[in-house]
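Architecture and fold: a report
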Amino acid sequence: MQHPETPADPADEPSDHVGGAVVLAATPIGNLGDASRRLVELLGEADVIAAEDTRRLQRLVHGLGVQPRGRVVSYHEHNEAAKTPELLDAVAAGGTVLLVTDAGMPAVSDPGYRLVEAAVAQGLAVTAVPGPSAVLTALALSGLPTDRFCFEGFLPRKQGERATRLGELRTERRTMVFFEAPHRLAVMLRALADAFGAERRVAVCRELTKTYEEVRRGSADELAGWAEAGEVRGEIAIVVEGAAEAPPARTEDLVEQVQTLVAAGTRLKDAVAVVAEDAGASKRELYAAVVAAR
């Protein structure tokens, strides 16, 4: 924020020049009133609009009262590889390529990453029109810690792969944000309860910024039961509490773990190294404690 007594630096002033650039534009996640003025202007002025779904784009520009003057092309996960060179050619020729997805910021669980990566590799300009974000909106409304968080997107659909991913995240200390389809929500929440524990705090955020916006907060087990009891509809983001800090391990417990490994055939030195690394303990001190316990 500019300090009121500090003169504004001309270099800090926003630029109206967006020619010869890829522009990632955030679109409303539900309420058209959240569209920024810059988004409206660029929808009307961009040389090319690359849209995840051209039908949704038509509804968006109609709702905003905009008449695009540029060429509209379809750009989605199935044609990104083929379409990216065409869009970069337009940018290299001095054009503005505006990328919009169905809702929110492109490249966040939506098409866009491939285009940005390729533009950066070619030394072309990339900028963004910030705006609505389901990730940040859900996080802010969740009632869970917001100082440190991570976005995990959609979990794998296959049970084994989903269980593996959740196993990797079981000790994640940061608040986690996920997306999920309505028909898979109950299964996902039950998997969360199984992997993270029934009492892990969760917030299910549904239809954010829309008429029927709903945020349900509770334990993983409670919300899994709620989702299993009836049909849940709409766009959904799930916010999950991070793991609690593990209490420091007691030396006697570590000694017992080493003794168990040794009894199973592991060399003492190797057993001490494994247990000490897992517990973040000193190998020298643990070795001495094991020897003393003999």
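Summarised in this report is the structure supplied together with it. (Residues numbered from 1 in each chain as written. Predicted model: local features only at pLDDT ≥ 70, side-chain atom pairs only at ≥ 80, totals over all residues. Heavy atoms only, no water.)

What follows is about the overall build of the protein chain. A tally of helices and strands in the protein chain yields 11 helices and 10 strands. Computed over C-alpha atoms, the radius of gyration of the protein chain comes to 25 Å, more than 25% over the 19 Å expected from 2.2 N^0.38 for 294 residues, which places it beyond the range of a compact globule. Principal axes of the C-alpha set define a box for the protein chain whose edges measure 80 × 50 × 50 Å. Counting all 294 residues of the protein chain, 39% fall into the buried class. Of the accessible surface of the protein chain, which amounts to about 16,800 Å², a share of 49% is contributed by carbon and sulfur atoms. The average position of the 32 basic charges and that of the 43 acidic charges among the side chains of the protein chain differ by 5 Å. (Helix = DSSP H or I, 4+ residues; strand = E, 2+ residues; numbered from the N terminus. Rg over C-alpha atoms; globule rule 2.2 N^0.38 Å. Buried < 20%, exposed > 50% of the residue type's maximum accessible area, 1.4 Å probe, protein only. Areas by Shrake-Rupley, 256 points an atom, 1.4 Å probe, with all protein chains shown as cover. Lys, Arg positive; Asp, Glu negative; His and termini not counted. Charge placed at Lys NZ, Arg CZ, Asp CG, Glu CD.)

Time to look at the sheet that holds strand β7 (residues 175-180). Pairing is mixed in the open sheet, where five strands are placed in the order β6-β7-β10-β8-β9. The two strands at the open ends of the sheet, each matched to only one other strand, are β6 (149-154) and β9 (214-219). Taking the axes of each pair of neighbouring strands and ignoring which way they run, one obtains an average angle of 20° across the sheet. Set on the sheet, helix α5 (residues 134-141) makes contact with β6, β7, β8 (201-206), β9 and β10 (236-240); between it and β7 the angle comes to about 125°. (Pairing = 2+ DSSP bridges. Axes fitted to C-alpha atoms, helices over the stretch in contact; angles between N-to-C directions. Contact = heavy atoms within 4.5 Å.)

What follows is about the pattern of salt bridges. This structure, assessed with the given rule, holds 18 salt bridges. Between Arg190 and Glu228 there is a salt bridge, with its nearest N and O atoms 3.0 Å apart. With Arg190 in helix α7 (residues 185-196) and Glu228 in helix α8 (residues 220-229), this residue pair connects regions lying 38 residues apart in the sequence. If you follow the salt bridges from partner to partner, you end up with Arg71, Lys83 and Glu86 in one network. (Salt bridge = Lys/Arg side-chain N within 4 Å of Asp/Glu carboxyl O.)

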